[in-house]
Amino acid sequence: MRYFVFLLLPALSFASAWVKEEGEFFLSPSFNYYIAKDFYDKDGKELPIGCTFEKREFQLYGEYGLTKKTTITFKLPYTVLKCGTNRNSGFGDLELGLIRQIRKGEDYSFSFYGNAIIPTGYSIRDNPRLGYGRLGVEGGLLYGRSAEFGFFDSGVGYRYYFGYPSSQIRSYATAAINLTKNIQFLTTLDLQIGLGDGKRKQIGSNVLSEPDYKLGQVYLGPRIMLGNISLVATYQQVFFGRNTGAGKGFSLSLWRSF
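Attention here is on the structure that accompanies the text. Within each chain, residues carry numbers counting from 1 in the order of the written sequence. Selection of residues for local features in this predicted model requires a pLDDT of at least 70, selection of side-chain atom pairs for listing and counting requires 80 or more, and totals for whole chains, interfaces and linings are taken over all residues. Side-chain figures throughout are based on the complete set of non-hydrogen atoms in the structure, without hydrogens or water.

### Observations regarding the overall build of the protein chain
Here is step 1: Strands here are runs of E lasting at least two residues and helices are runs of H or I lasting at least four, both read from the DSSP assignment and numbered beginning at the N terminus. Summing up its helical and strand segments, the protein chain has 0 helices and 14 strands in all.
Here is step 2: Sequence-ordered secondary structure for the protein chain, helices as α and strands as β, is β-β-β-β-β-β-β-β-β-β-β-β-β-β.
Here is step 3: Only C-alpha atoms enter the radius of gyration, while the globule expectation follows 2.2 Å times N to the 0.38, with N the number of residues. For 258 residues, the compact-globule estimate of 2.2 N^0.38 gives 18 Å, and the C-alpha radius of gyration of the protein chain, at 18 Å, lies within 12% of that figure.
Here is step 4: Taken along the three principal axes of its C-alpha coordinates, the protein chain extends 50 × 35 × 30 Å.
Here is step 5: The criterion used for residue contact is that any of the two residues' heavy atoms lie within 4.5 Å. Considering only residue pairs separated by 6 or more positions, the protein chain has 59% of its internal contacts joining residues 24 or more positions apart.
Here is step 6: Each accessible area is a Shrake-Rupley result for a 1.4 Å probe, and residues are judged covered by the shown protein chains and nothing else. Element-wise, carbon and sulfur atoms account for 61% of the exposed surface of the protein chain, whose accessible area totals about 11,800 Å².

Encoded structure:
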């Protein structure tokens, strides 16, 4: 029951609270789609963007059990952005990280995670731009608990950029219910809160990349488990925001452990 959270949340850096066995690999490709015609302004009022913003992202995520208590992680997205006549595509920020287990019980795990956010050389003059173009670091705590009916997994962390973007508090909570032996239903609440401590600059027409934003969204969908392979499909809906898109989307993922 250890492979369940990381790719449900394409906007997050978290993995799950459970670490991998030493020498164990996990790889997962995913496709994420997001669309928004409106955005939340700084006061939370929904206004038209002036174009239809679309984001298509192909992402590869991986984990490796370095020791029995430490897992290393990576995430690399290839993103295609469109807003009216403005288009852009390329590799987004590479994220390298680790999960270190602090305490483990028979049905729970408590861990620390840390990530480095590394720009891949895209231009910050492009519009829509692919990212902030700034180095960043992130760290926080993860807690998960399993049961016969499913599991609960959660995390809270702090992200800091070496540049103008505002630092952020990022958190999630996932609950899963076993519908059958091979099917789970998952629901995730994702909250991202910009702290307003960075020098604000105009980003352009990418409604997901404002330097100081607040975002609340929910993901839900099934996971089909076929031995060491899982298929996951989730629906995404933004329900709260400041300086971000009022959009929706979906994600399709394949999970493979070996």
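Okay, back to it.
### Some points on the side chain of Asn243
Here is step 1: Here Asn243 shows up in the loop between β12 (229-242) and β13 (244-245).
Here is step 2: Assessed through its relative accessible area of 16%, Asn243 is described here as buried.
Here is step 3: In terms of polar contacts, Asn243 uses its side chain to reach the backbone amide nitrogen of Lys42, at 3.4 Å. Relative accessibility under 20% of the residue-type maximum defines a buried residue, over 50% an exposed one, and the middle range a partly exposed one, all with a 1.4 Å probe and only protein chains included. The definition of a polar contact used here is a pair of N or O atoms within 3.5 Å, where within protein one atom must be able to donate a hydrogen and the other to accept one, and adjacent residues in sequence count solely through side-chain atom pairs.

### A closer look at the side chain of Ser230
Here is step 1: Looking at the element boundaries, Ser230 is found in strand β12.
Here is step 2: Given a relative accessible area of 4%, Ser230 falls into the buried group.
Here is step 3: A polar contact of 3.1 Å, which involves the side chain of Ser230, links it to the side chain of Arg223.

### What to know about unusual backbone geometry
Keep in mind that most residues, glycine aside, have a negative phi and that most peptide bonds are trans.
Here is step 1: Omega for the peptide link from Asn127 to Pro128 comes to 0°, which places this bond in the cis form.
Here is step 2: Checked against the element boundaries, Pro128 lands in the loop between β6 (108-118) and β7 (136-147).
Here is step 3: Positioned with a positive phi, Asn243 is a non-glycine residue whose angle comes to about 55°.

### What to know about the packing of aromatic side chains
Here is step 1: Between rings of Phe, Tyr and Trp, where Trp is taken as its six-membered ring, a pair exists when centres lie within 6.5 Å; planes separated by under 30 degrees are stacked, by over 60 edge-to-face, and by other angles tilted. The tally for this structure, following the rule as stated, stands at 13 aromatic pairs.
Here is step 2: Between Phe26 and Trp255, the ring centres sit 6.4 Å apart and the planes meet at 70°, which makes this aromatic pair edge-to-face. Of this pair, Phe26 sits in strand β1 (residues 25-40) while Trp255 sits in strand β14 (residues 248-257), placing them 229 residues apart in sequence. An identical accessibility class is assigned to Phe26 and Trp255; each is buried.
Here is step 3: Look at NZ for Lys and CZ for Arg. If either is within 6 Å of the ring centre and within 35 degrees of the ring normal, a charge sits over the ring. Residue placement shows Lys20 over the ring face of Phe26; its charged tip is 6.0 Å from the ring centre.

### So, the state of the cysteines
Here is step 1: Criterion for a disulfide: a pair of cysteine sulfur atoms at a distance within 2.5 Å. Summed over the entire model, instances satisfying the criterion amount to 1 disulfide.
Here is step 2: The partner cysteine of Cys51 in its disulfide is Cys83, sulfur to sulfur 1.8 Å. On the criterion of sequence distance, the pair formed by Cys51 in strand β2 (residues 46-65) and Cys83 in strand β3 (residues 70-83) is long-range, its members being 32 residues apart.

### Some points on the pattern of salt bridges
Here is step 1: The salt bridge definition used is simple: a Lys or Arg side-chain nitrogen within 4 Å of an Asp or Glu carboxyl oxygen. Per the stated rule, a full pass over the model turns up 8 salt bridges.
Here is step 2: Of the charged contacts in the structure, one is a salt bridge between Glu95 and Arg159, with a shortest N-O distance of 3.6 Å. Residue Glu95 is found in strand β5 (residues 94-104), and its partner Arg159 is found in strand β8 (residues 150-161); the two are separated by 64 residues along the sequence. One exposure class covers both Glu95 and Arg159, and it is buried.
Here is step 3: Here the salt bridges do not stand alone but share partners, grouping Lys75, Glu95, Glu138, Arg159 and Arg170 into one network.

### Details of the nonpolar core
Here is step 1: Only buried residues count toward a nonpolar core. Its members are Ala, Val, Leu, Ile, Met, Phe, Trp, Tyr and Cys residues joined through side-chain atoms within 4.5 Å. Judged by nonpolar contacts, the single largest core of 18 residues is most densely connected at Tyr34, Phe53, Tyr132 and Val238.
Here is step 2: Elements represented by at least two residues in this core include exactly β1, β2 and β3.
Here is step 3: Ranked by the residues each element gives to this core, the list is headed by β1, at 3 residues.

### Observations regarding the environment of Gly92
Here is step 1: Take Gly92: it is sitting in the loop between β4 (86-91) and β5.
Here is step 2: Separated by 73 residues in sequence, Gly92 and Val19 have C-alpha atoms that sit 26 Å apart.
Here is step 3: Once residues lying within four places of it in the same chain are set aside, the contact partners of Gly92 are Leu76, Pro77, Thr120 and Tyr122.

### Structural notes on the environment of Ser28
Here is step 1: Inspection of the secondary structure assignment puts Ser28 in strand β1.
Here is step 2: For the pair formed by Ser28 and Gly62, sequence separation is 34 residues and the distance between their alpha carbons is 6.4 Å.
Here is step 3: At 2.4 Å, the side chain of Ser28 and the backbone oxygen of Leu254 are in polar contact.

### Side note on the environment of Pro211
Here is step 1: Within the secondary structure, Pro211 is located in the loop between β10 (183-194) and β11 (214-226).
Here is step 2: According to the relative accessible area criterion, Pro211 is buried, its value standing at 1%.
Here is step 3: Expressed as a C-alpha distance, the spacing of Pro211 and Asp197, which sit 14 residues apart in the sequence, is 9.6 Å.

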